[in-house]
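# Coordinate inspection notes
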Amino acid sequence: MLSLLTDTSLYAFDLVRRLSEADGMVISEGTIYPLLSRLRREGWVSTTWAESVEGPPRRYYALTPAGERALLAFTADWRRFRDAVDALLPEEAT
Amino acid sequence: MTNSTADRLVDEYLTRLAGASQALSPDRRTELLAEIRGHIAASLSGAADADEAAVRTMLDRIGDPADIVAAAVENDPPEPPSVPGTQGRRPGISLEVGAVVMLTAGSLVPVIGWLVGVILLWSSGVWRRSEKLLGTLIVPGGPGLALLIATLPGGQSCSSTSISTISGQVGTTREACTGFVLPPALGIALMLFVLIAPIVVAIVLISRARARTAPAHP
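Described below are features of the structure shown in this document. Remember, it's a predicted structure, so these values are computed and weren't measured experimentally. (Residues numbered from 1 in each chain as written. Chains lettered and ligands numbered in written order. Predicted model: local features only at pLDDT ≥ 70, side-chain atom pairs only at ≥ 80, totals over all residues. Heavy atoms only, no water.)

## Focus: the overall build of chain B
Formally: What counts as a helix is a DSSP run of H or I of at least four residues, what counts as a strand is a run of E of at least two, and both are numbered from the N terminus. The cut-offs for exposure are 20% and 50% of the maximum accessible area for each residue type, with area from a 1.4 Å probe on protein chains only; residues under the lower value are buried, those over the upper are exposed, and the others partly exposed. The contact rule is simple, with two residues in contact once any of their heavy atoms fall within 4.5 Å. Values of accessible area rely on a 1.4 Å probe in the Shrake-Rupley scheme; residue burial ignores everything except the protein chains shown.
Of the regular secondary structure elements, chain B holds 10 helices and two strands. Within chain B, the fraction of its 218 residues that count as buried is 30%. Of all intrachain contacts in chain B linking residues separated by at least 6 positions in sequence, the fraction that spans at least 24 positions is 61%. When the accessible surface of chain B is totalled, it reaches about 13,600 Å², and 65% of it is carbon and sulfur.

## Considering the interface of chain B and chain A
Test applied: Put simply, buried area is how much 1.4 Å-probe accessible surface two parts lose in total, over both of them, once they are put together. Put simply, a salt bridge is a Lys or Arg side-chain nitrogen that is within 4 Å of an Asp or Glu carboxyl oxygen. For this analysis, a polar contact is any N or O atom pair within 3.5 Å, provided that within protein one partner can donate a hydrogen and the other can accept it, and provided that sequence-adjacent residues contribute only side-chain to side-chain pairs. Classes in brief: Ala, Val, Leu, Ile, Met, Phe, Trp, Tyr, Cys and Pro nonpolar; Asp, Glu, Lys and Arg charged; the others, Gly included, polar.
Listed per partner, the contact involves 19 residues of chain B and 20 residues of chain A. Where chain B abuts chain A, roughly 1,600 Å² becomes buried across the two surfaces, and 50% of that area is made up of carbon and sulfur atoms. When residues of chain B are sorted by the area they lose upon contact with chain A, B:His39, B:Arg61 and B:Asn75 head the list and together hold 40% of the total. Close ionic contact of A:Arg40 with B:Glu31 constitutes a salt bridge, the shortest N to O distance being 2.2 Å. Inspection of the chain B/chain A interface yields 12 residue pairs in polar contact (both at pLDDT 80 or more). At the level of secondary structure, the elements contributing two or more residues to the side of chain B that touches chain A comprise α2 (26-46), α3 (52-62) and α4 (65-74) of chain B. If you tally residues by element for the side of chain B that touches chain A, the top one is α2(B), at nine residues. Here the residues of the side of chain B that touches chain A sort into eight nonpolar, five polar and six charged.

## Looking at helix α7 (residues 112-123) of chain B
Residue and element names in this part refer to chain B. Rules: Each helix should span, by expectation, one fewer than its residue count multiplied by 1.5 Å. By arc we mean the arc of the directions from the helix axis to the C-beta atoms, nothing more.
For α7, built from 12 residues, the straight-helix expectation of 16 Å at 1.5 Å per residue is met to within 8% by its first-to-last C-alpha distance of 17 Å. Taken as a whole, α7 has its buried residues at Gly113, Trp114, Gly117, Val118 and Leu121. With its buried residues spanning 140 degrees around the axis, α7 presents them on a single face. Of the exposed residues in α7, the ones pointing more than 90 degrees away from its buried face are Ile112 and Ile119. Looking at the buried side of α7, the elements it contacts are α6 (94-104), α8 (129-137), α9 (142-151) and α10 (184-213).

## Comments concerning the packing of aromatic side chains
Residue and element names in this part refer to chain A. As a reminder of what qualifies: The pairing test for Phe, Tyr and Trp rings, Trp by its six-membered ring, is centres within 6.5 Å, and the orientation test on the planes gives stacked under 30 degrees, edge-to-face over 60, and tilted for anything in between.
All chains considered together, the criterion is met by two aromatic pairs over all chains. Seen from their ring centres, Phe74 and Trp78 are 6.2 Å apart, and the 20 degrees between their planes marks the pair as stacked. Residue Phe74 and its partner Trp78 are both found in helix α3 (residues 65-93); the two are separated by four residues, about one turn of the helix. On the basis of relative accessible area, Phe74 is assigned to the exposed category, the value being 51%. Measuring from centroid to centroid gives 5.6 Å for Trp78 and Phe81, while their planes differ by 45 degrees, and the two rings are tilted.

## Points about α4(B)
Residues and elements named next belong to chain B. For α4, every residue scored as buried is listed here: Pro65, Ile68, Val69, Ala71 and Ala72. Along the long axis of α4, the arc covered by the buried residues comes to 155 degrees, so they all point the same way. Sitting at the amino-terminal end of α4 is Asp64, which places a side-chain oxygen 3.0 Å from the backbone nitrogen of Ala66.

## Looking at the nonpolar core
Rules: To form a nonpolar core, buried Ala, Val, Leu, Ile, Met, Phe, Trp, Tyr and Cys residues must be joined to one another through side-chain atoms within 4.5 Å.
Judged by nonpolar contacts, the single largest core of 33 residues is most densely connected at B:Ile36, B:Ile40, B:Val55, B:Met58, B:Leu59 and B:Ile62. When contributions to this core are tallied by element, the ones reaching two or more residues are α1 (12-21), α2 (32-41) and β3 (58-63) of chain A together with α1 (4-20), α2, α3 and α4 of chain B. The residues contacting B:Leu59, other than those within four sequence positions of it, are B:Leu9, B:Val10, B:Tyr13 and B:Ile40. In this structure, B:Val100, B:Leu103, B:Trp114 and B:Ala209 belong to the second largest nonpolar core, which totals 14 residues.

## Examining the pattern of salt bridges
For the coordinates displayed, the defined rule picks out 13 salt bridges over all chains. Linking A:Arg59 and B:Glu35 is a salt bridge whose minimum nitrogen-to-oxygen distance equals 3.7 Å. Of the two residues, A:Arg59 is situated in strand β3 and B:Glu35 in helix α2; the pairing between them involves two chains. Under the relative-accessibility criterion, A:Arg59 is labelled buried at 17%. Residue class for B:Glu35 comes out buried when judged on its relative accessible area of 9%. A salt bridge links A:Asp77 to A:Arg80, with the shortest nitrogen-to-oxygen separation between them at 3.2 Å. With a gap of three residues between them, A:Asp77 and A:Arg80 both fall in helix α3, about one helical turn apart. Taking relative accessible area as the criterion, A:Asp77 reaches 44% and is therefore assigned partly exposed.

The structure is reproduced here in structure tokens:
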């Protein structure tokens, strides 16, 4: 979710749609809102309200510097984890 | 577009969500309901005709209210830190920070500032005796005093006395010097040590104090 916000701020609805459409991530759209709320409370994302052309004002999400650091840390951890798993799997398979 | 069946489905869904979310704190509940309502409104505004099938599909995508509430509970910040008892017992390191600040920056107030730092240092229960000695001995008076001494005029004072002979010629010139002068390179090295070492010691002291007070039990 943080990585979707790397370069841009996103409207909550679009953010949720893109997450739920990501391949392999089967997730109900509604459960993403509590997650967003938590990121907000942890100071990893900031939000701004903006008037929309149609309908009520929309809440836009953007990464904070703390969020960027968290994303970098996670990316590094994830790659290490993935590499470790990759290194183990072939031995198991053959 | 305002289809009565569609409205009824949405209302039913929101009612179920409201019922399921009673476990949440009032703030979180209000927020969650508003967000889901906003999501539904945004979904519907994209579709020109929201027939029953479209609305059902949309609600399916949002997911079961019970799942959403479960996610909200899971993502709620843990309450335990605010439980009375743990909060009050958690030791701060303001005394330790004060000691280190007085030993370094405070030593700019000659002698007194540094002495206050030493008293604070020894009254703390966080550091070991060896660490307290380290903090006291590197360097006595603190960097502030060293800075002060270095800026005092002239480390060396000399006086020359001339002894004149009767004929008016200068016989011998005697030069007497008090004090001593270090070779410049050694002086600069000593000065750097006196300024930097206390800061290094300060960092070590603070990091140890933090490490020791970090766990819940002191």
